[in-house]
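Structural overview for review
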Amino acid sequence: MKRNNVTLFLLILLGFSTSFESCKSTDVDATSTTGSTTGSTTNASSSITTALSATATTTTCGSTGVAQIVCLAEAFKATLSSTQVSTVQLSYSKANAQKWSNLPAGMSARIGINLGALSDTQLAAFRNLMVAVLALNNTNEGYDEMLGNLVADDYLNTIGGGSTYGAGNYFVSFLGTPSTSSLWSILFTGHHYTQPITFNAGAVTGVTPAFRGTEPQAAVTAGNRTYQAFEQERVAFAALLTGLSATEQTTAKLSGSYNDLVLGPGQDGKFPATKSGLQVGSLSSDKQTLVLNAIRLYVNDLDASAAAAVLTKYTSELANTYVSYSGTTAMSSQGDYVRIDGPSVWIEFSYQGGVIIRNTPHSHSVWRDHTSDYGGN
């Protein structure tokens, strides 16, 4: 009897471990809930996403560039209690900057203050800061993509994911004191969204590693808006791969299979020594444009000034950038994977099994830079 109990325990543990390894998150069965790549919408709103979806309020930060971001960061801090300031304002260190994950915060602790601890006034100040560093007025990109990600996580909270999911579990911190002359960073991180922005001497010096993902991949409605935060990236990769000739697809195809990202959290600096796949410089100009279109969907999440500098670099290096994939070119099935690897840019997109919504794939993606992750620090 005792041996049977031990066997049962090991079977349960093995089942949990297998699910955890493949899904990288809490495994909650919600098979009765539908979810598809391009399918039905659902309702998911919270007081947090409602507050963040409002139009940015007028501030006294009339400056521009990094000076304005510093002003908005200090304005946000001014709305916080002294205890909250001590939580959000931390010292800059590489170790602090590396505290991000693709797991819900309840499974992988974050630093900073969580959105669930903020009042509407404080959320408004946070919103003013984020709309200054992310692109605005672009559906499902930039700030709108961030909101859509939070809405999707709220949805997971309501269908069985539990309290570890939802917009309230996303954290913001300042690593180093906001300044136009010294090193500091904004780190906003939660389950399926991480965006760091590193500054030094009054300039943006790094915007990666940036993690994106979403579950469900299908559209989710909150209030009067419908979000599908990360679908256009999947579509762009499908357009890129299906646009290749059969010979080009053969060259681009990786020999292995991929159930998740290679350079996800905890894999800093582990870029492969040799690039794999198809060199973009060997492609026709229209196919090179498809590669650049996919890259733009990541870079253009940033405000126009920061995005322009990064995109100029990646465009100049496009000919020496490589594309590779595994699975199908449609990017619509579990196990589909695509990688863009350049002299600087590194982007991975992995389509993997649903965690909360079973039997429907969901995306994980990471944008890294070979030299400027964490601002090059």
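What counts, and at which threshold
- Residues numbered from 1 in each chain as written.
- Predicted model: local features only at pLDDT ≥ 70, side-chain atom pairs only at ≥ 80, totals over all residues.
- Heavy atoms only, no water.
- Buried < 20%, exposed > 50% of the residue type's maximum accessible area, 1.4 Å probe, protein only.
- Helix = DSSP H or I, 4+ residues; strand = E, 2+ residues; numbered from the N terminus.
- Pairing = 2+ DSSP bridges.
- pLDDT = per-residue confidence, 0-100.
- Contact = heavy atoms within 4.5 Å.

1. What to know about the pairing of strand β11 (residues 322–326)
Of all five residues that make up β11, four are buried, and the element is covered over most of its length. Pairing between strand β10 (residues 278–279) and β11: two bridges, direction antiparallel. When the sheet's bridge partners are listed, L278 is paired in β11 with V323. Pairing geometry for β11 and strand β12 (residues 337–341), over five bridges, is antiparallel.

2. Some words on the confidence of the model for the protein
Averaged over every residue, the pLDDT of the protein is 89; the share at 70 or more is 88%. Long-range and interchain partners of residues 1–40, a stretch whose pLDDT sits below 50, account for 63 contacts in this model, where long-range means more than four residues apart.

3. Let's talk about the pairing of strand β3 (residues 171–175)
In terms of burial, β3 is a largely internal element, five of the five residues being buried. Sheet topology note: the β3/strand β4 (residues 184–190) ladder contains five bridges and is antiparallel. Residue F171 lies in a different strand from β4, and its bridge partner there is T189.

4. A short note on the environment of T205
Within the secondary structure, T205 sits in strand β6 (residues 203–206). Relative accessible area serves as the criterion here: at 28%, T205 is assigned to the partly exposed category. On a C-alpha basis, the gap between T205 and L183 in space is 9.3 Å, while along the polypeptide they are 22 residues apart. Discounting residues that sit within four places of it in the chain, T205 has contacts with T198, F199, N200, S372 and G375.

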